[in-house]
Amino acid sequence: MRRTTRALAVVAATAALALAGCSDSGGNSATSGDNGDAAQPDDAPALSDINPVDRDKLQQGGKLRFAITQLPVQWNYLEAAGAAVDLNTILGFVSPSNWDYAEDASTTPNENFVKEVKVEDGPPQVVHLKLNPEAKWNNGTPITWKDYQATWKACNGENEDYQCASTDGFNQVEKVEAGDDDFEVVITYKSTYPDWTGTWSSVFNAESLADAETFNTGQLEGPNNDWLAGPFKIDSVDEAQKVVKLVPNDNWWGEKPLLDEVTFRELDADLAPQSFANSEIDVLQYLISADQYTRVQGRPDGEIRTAGGKQWRHFTFNGNAKNLDDKKVRQAIIRGLNREAIAESDLAGLPIEPAELMLGNHFLMPGQQGYQDNAQDLSYDPEVAGELLDEAGWTLEDGKQFRTKDGEELEVDYAMLAGVPTSENEGKLLQADMEEIGVKVNLVNKSTDDFTPTLQDGTFGIIGFTWETTVYPFANIGQIYTCDAENNFSNICNEEIDKLTAEADVEMDEDKRSEIGNQIDKLVWDEVMNAPLYRRMEYTAVPQNLANFGAFGLSTGRVENIGFTE
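Residues numbered from 1 in each chain as written. Predicted model: local features only at pLDDT ≥ 70, side-chain atom pairs only at ≥ 80, totals over all residues. Heavy atoms only, no water.

Peer 1: Is there a simple way to think about the state of the cysteines in this case?
Peer 2: Disulfide: a covalent bond connecting the sulfur atoms of a pair of cysteines. Enumeration over the complete set of coordinates arrives at two disulfides. The disulfide that involves Cys 155 links it to Cys 164, with 2.1 Å between the sulfurs. Residues Cys 155 and Cys 164 are joined through a disulfide that is left-handed, its torsion about the S-S bond being -90 degrees. Taking the relative accessible area as the measure of exposure, Cys 155 reaches 0% and is therefore buried. Residue Cys 164 is classed as buried on the basis of its relative accessible area of 6%. Covalent S-S linkage joins Cys 483 and Cys 493, the inter-sulfur distance amounting to 1.9 Å. Between Cys 483 and Cys 493, the S-S dihedral sits near 75 degrees, and the bridge is therefore right-handed. Residue Cys 483 is located in the loop between helix H12 (477–480) and helix H13 (495–506), and its partner Cys 493 is located in the loop between H12 and H13; the two are separated by ten residues in the primary sequence. Cys 493 gets classed as partly exposed once you look at its relative accessible area, which sits at 46%. When the cysteines of the protein that form disulfides are numbered from the N-terminus onward, they connect as 1-2, 3-4. (Disulfide = S-S within 2.5 Å. Buried < 20%, exposed > 50% of the residue type's maximum accessible area, 1.4 Å probe, protein only. Helix = DSSP H or I, 4+ residues; strand = E, 2+ residues; numbered from the N terminus.)

Quick look at the structure:
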């Protein structure tokens, strides 16, 4: 499976947005704090769990049916509204995937698309990619250096008419040129860029990027198969039934896919587990509650595959919302928020101790090199929360339930996604915690269809959702936390974060880069742009006889090798 190098924003149940870039897999962490090697603890979750089997031992044929949270509304993955986990999952079957990622997130070229890689360290850093001449788009045109140049030009930030989800990585490139022929790409960086493989984990058809209008709206009504290239192709998109159907691509030049058909069906989160138990779907990724975990076990031929996950729950704070423009108020809310109690409630009944999944870093996951818990100065302490609110001028009068200033009650809005158990549960716990410190929380119902517009329009005070991180933990800082970032849903600007992000983007020394990343993380905590709650385990429900698919962790697999045992 292809994994993106965008961080992915996931609606509570399992839907997701994505950070931008375009690559594979993810990583974040939460344990000690030095910059030494992060050894895997004895009781740590598996790095992957996919039932690996050689393809020649698998049967040819069969159908695989996925559940997704939402049918894509924008099929251009580079465009801001297209940055979604569900779309990324679908595109993994039908678009270029340049690298294979091992369990430790190391990369090797996928020879179906890239035959050879050469890197001149520089500065300036120069990357040479020898492309597979047999690789072609579904319209029959070969994939060449021109597609790489067009991808870079669309999202390098120079033309603001292109509504790119992010310019990260692309904005570090000085030029993209042809090498000895059309199948050699020469990418010259302005200086150095350590995460260059993340930027070039995929490539997009030059025709689809020809102008801003085509880029922004050319795939709003549905995907264009001519602009795709992979082992499968899109056969149909049924808007009424909410189903995307894929079949093997007759233009594919690599090993023939084992599966005859792959479908993706939009299902409500509360219906998907029973649909799996009834054998109506075959893949349900990221089980997130004890109810889901228990219900999927009703399928006799099913099993749950488990690995350390890339997703993490959090609250995003809107600095433009009523009363949240005051940093002291935001900090008070965090000090009054019992994050561990929320984790215990969300994860109750799952086979994991919530304390093992607490997260104190926005970029690194527990066990990942350089991880530090930078949340200590904002740990749970209702007494300190009250003192901060006093300093901000919000006082609690005798006999009053909520604090007031200038005759107004201290209230904030929480955007609660109706029908999403985690969002509802977290909102109610937030409301109860805030009552203890004199803050009124209004639970404002939003439909899951309103999730993306709510974020983009800033029509919320606090909102809970899930980011899915990547194997490039510091590549996505600029997508969420810099002043002009498309996905800076906090609407909070700290120029020091911008300055340090520019340093992190070009720092090739891993230890120094981790140090800079942790400096940024401390600033994000201090500003309370968002508050990590906990990391998720990757629980994936599949049929027992499914091979080469499941819980991937940081690794990837090739979709043409997914199949069933005899």
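Peer 1: Looking at this model, I keep getting lost on the packing of aromatic side chains. Mind explaining?
Peer 2: How two aromatic rings sit relative to each other is set out by the distance from centre to centre and by the angle between their planes. Under the criterion given, the structure shown has 23 aromatic pairs. Measuring from centroid to centroid gives 5.4 Å for Phe 465 and Trp 467, while their planes differ by 65 degrees, and the two rings are edge-to-face. Residue classification places Phe 465 among the buried positions, given a relative accessible area of 0%. Judged by relative accessible area, Trp 467 falls into the buried class, the value being 1%. (Phe/Tyr/Trp six-rings, centres within 6.5 Å; stacked < 30°, edge-to-face > 60°.)

Peer 1: Before we go on, may I ask you to explain helix H7 (residues 327–335) in this structure?
Peer 2: Every α-helix carries 3.6 residues per turn, so stepping three or four residues along brings you back to the same face. Across the nine residues that make up H7, a large majority, seven, are buried. Along H7, the residues that are buried comprise Val 329, Arg 330, Gln 331, Ala 332, Ile 333, Ile 334 and Arg 335.

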